[in-house]
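The lines below spell out each chain.
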Amino acid sequence: MKYLLDDATFEKIYQVLRGIKNIHIKNSLKLRRFIEAIYYMSRAGSSWRLLPYYYGDWRSVHKRFKSWSDQGIWQKIFKMAQINPDMEYVMIDSTIVRAHACSAGYIKNNQSEKALGRSAGGFTTKIHTLVDALGNPLEFIVTSGQKNDHTQAEQLTKNMYNTYVLADKGYSSYSFIKQLYNQNCVPIIPPKTNFQQPWNYDKHLYKERYLIECLFGKSKHFRRIFSRFDKSATSFLSFVQFVGALIWFK
């Protein structure tokens, strides 16, 4: 079997997994094949049934992936991959992901609960993201596509203190600005043109916000992020977190 992940990246994943309790990773060869299978699925974005045979039975791989999702293991990998983030300033934004028709119908009439909805882009999911000053991801939240950006802003930044927070006009609400000041953060957010009491912001520092757009570009090289195929919001978020961890390991 030809490995898609380089040895250095797998070794970093393996070392992170060794720090997580209650998972079976003693057989490194079987673990490598499983991680390679998940990497293949994230890159190809295909149906689980089309997983190449040399990665093992697709049902077993999917069952293990879903088990790790339910246990929050992919989230732990993502969090433990975040070594020495640059917190000089952080950025928040969101990106729309078109949902494939096969992602619908997990349970009837619960699309919103599964982070699916109708927006201008059609049947979509939105990924809300927090990144550090180098453009490395720190947090992900998935919602239905029609959700406004600022609805997740307070959740994304609740643990941010004594730093600058860069965001676009979609986050320019008085309540969010007040929260940032209460956390000793400096908002670098342009006010909307219809605000009666606009504020000044550092336009030079605001230019650095391009880094979060670069992150979205990197993530969407993975077809399972570019287009959502998973019915479960937990499974889709797990793929997003796995890709986020890979970006850190690079």
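Coordinates for the structure precede this section.
Quick summary incoming for the structure in this document. The structure presented is a predicted model; accordingly, all values stated were derived computationally and were not measured. (Residues numbered from 1 in each chain as written. Predicted model: local features only at pLDDT ≥ 70, side-chain atom pairs only at ≥ 80, totals over all residues. Heavy atoms only, no water.)

**Looking at the overall build of the protein chain**
Which entries qualify depends on this criterion: Counting from the N terminus, the helices are the DSSP runs of H or I reaching at least four residues and the strands are the DSSP runs of E reaching at least two. In this description the radius of gyration comes from C-alpha coordinates, and the expected globular size is given by 2.2 Å times residues to the power 0.38. In this scheme, a residue with accessible area under 20% of its type's maximum is buried, one over 50% is exposed, and one in between is partly exposed, where area comes from a 1.4 Å probe on protein chains only. We call two residues in contact when some of their heavy atoms are within 4.5 Å. Per-residue accessibility takes into account occlusion by the displayed protein chains alone, with areas from the Shrake-Rupley method and a 1.4 Å probe.
When helices and strands are tallied, the protein chain shows 10 helices and seven strands. Here the C-alpha radius of gyration of the protein chain, 19 Å, is about what a compact globule of 250 residues would show, namely 18 Å. Along the three orthogonal principal directions, the C-alpha set of the protein chain runs to about 60 × 40 × 30 Å. Sorting the 250 residues of the protein chain into buried and exposed places 52% on the buried side. Put simply, 63% of the contacts in the protein chain that link residues at least 6 apart link residues at least 24 apart. Accessible surface, the protein chain: about 13,100 Å² in total, of which carbon and sulfur atoms supply 50%.

**Description of the side chain of serine 219**
Its location among the elements puts serine 219 in helix α8 (residues 210-219). Take serine 219: its relative accessible area is 10%, and that puts it in the buried class. The contacts of serine 219, once residues within four sequence positions are left out, are Ile225, Val243 and Ile247.

**A word on the pairing of strand β3 (residues 122-131)**
Rules: Here, a strand pair is defined by DSSP locating no fewer than two bridges between the strands.
Burial analysis of β3 places nine of its 10 residues in the buried class, the great majority of the element. One ladder, built from three bridges, connects strand β2 (residues 117-119) with β3; its direction is antiparallel. The partner of serine 119 across the bridge, within β3, is glycine 122. Both β3 and strand β4 (residues 137-144) contribute to a ladder of seven bridges, which runs antiparallel. Opposite valine 131, over in β4, you have proline 137 as the bridge partner. Following β3, the chain reverses through five residues before pairing antiparallel with β4; glycine 135 in that reversal takes a positive phi of roughly 85°.

**Observations concerning the pattern of salt bridges**
Going by this rule: Definition used for salt bridges: Asp or Glu carboxyl oxygen within 4 Å of a side-chain nitrogen of Lys or Arg.
Evaluated as defined, the whole model comprises 10 salt bridges. A salt bridge links arginine 32 to glutamate 36, with the nearest nitrogen and oxygen atoms 3.0 Å apart. Remark: glutamate 36 and arginine 32 occur in helix α2 (residues 28-44); sequence separation between them is four residues, near one turn of the helix. Its relative accessible area of 0% is what places glutamate 36 among the buried residues.

**Side note on unusual backbone geometry**
Of note, asparagine 84 is a non-glycine position whose phi angle comes to about 55°, a positive value. Looking at the secondary structure, you find asparagine 84 in the loop between α4 (73-80) and β1 (89-99). For asparagine 162, which is not glycine, the phi torsion reads 55° and is therefore positive. Checked against the element boundaries, asparagine 162 lands in the loop between α5 (153-156) and β5 (164-166). What makes asparagine 162 exposed here is its relative accessible area of 58%.

**What about helix α1 (residues 7-17)?**
Note the following rule: Think of it as the arc spanned by the lines of direction from the helix axis to the C-beta atoms. Whenever two N or O atoms come within 3.5 Å, that pair is a polar contact, provided that in protein one can donate a hydrogen and the other can accept it, and provided that, for residues adjacent in sequence, both atoms are side-chain atoms.
Of the positions making up α1, those classed as buried are Thr9, Phe10, Ile13, Tyr14, Val16 and Leu17. The arc that holds the buried residues of α1, viewed along the axis, is 160°, so those residues lie on one side. Of the surrounding secondary structure, the elements contacted by the buried residues of α1 are α2, α3 (58-70), α4 and α10 (233-249). At the N-terminal boundary of α1, the capping side chain belongs to aspartate 6, with an oxygen 3.2 Å from the backbone nitrogen of alanine 8.

**Considering the nonpolar core**
Under the convention used in this document: For this analysis, a nonpolar core means a set of buried residues of the types Ala, Val, Leu, Ile, Met, Phe, Trp, Tyr and Cys, connected via side-chain atoms within 4.5 Å.
One finds Leu17, Ile35, Ile38, Trp68, Trp74 and Ile77 to be the most contacted residues of the largest nonpolar core, which totals 72 residues. In terms of residues, this core owes the most to one element, α10, which gives 11 residues. Setting aside its immediate chain neighbours within four residues, isoleucine 35 contacts Leu5, Phe10, Ile13, Trp68, Trp74 and Phe242.

**Describing the packing of α1 against α2**
Going by this rule: Axis definition: a line fit to C-alpha positions, over the contact stretch in the case of helices; interaxial angles, taken between N-to-C directions, run 0 to 180 degrees. Working rule for angles: under 35 degrees goes down as roughly parallel, over 145 as roughly antiparallel, 65 to 115 as roughly perpendicular, anything else as oblique. Put simply, a crossing is left-handed when the front helix is turned counterclockwise from the back one by less than a right angle, and right-handed when it is turned clockwise. Under the scheme applied here, ten amino acids are nonpolar (Ala, Val, Leu, Ile, Met, Phe, Trp, Tyr, Cys and Pro), four are charged (Asp, Glu, Lys and Arg), and all others, including Gly, are polar.
Relative orientation of the contacting elements α1 and α2 amounts to 110°, with a least axis distance of 11 Å. Regarding the angle of α1 to α2, the classification is roughly perpendicular. Considering the relative orientation of α1 and α2, their crossing is right-handed. Counting all contacts with α1, which are made through Asp7, Phe10, Ile13, Tyr14 and Leu17, the residues of α2 involved are Ser28, Leu31, Arg32 and Ile35. A class-by-class count of the residues in the contact of α1 with α2 yields six nonpolar, one polar and two charged.

**Observations regarding the packing of α3 against α4**
Following both chains from N to C, one finds α3 and α4 inclined at 65°, their axes separated by 5 Å at the closest point. The angle between α3 and α4 falls in the class roughly perpendicular. Facing α3, whose interface residues are Phe65, Trp68 and Ser69, α4 presents Ile73, Trp74 and Ile77. Class assignment of the residues belonging to the contact of α3 with α4 gives a composition of five nonpolar, one polar and no charged.

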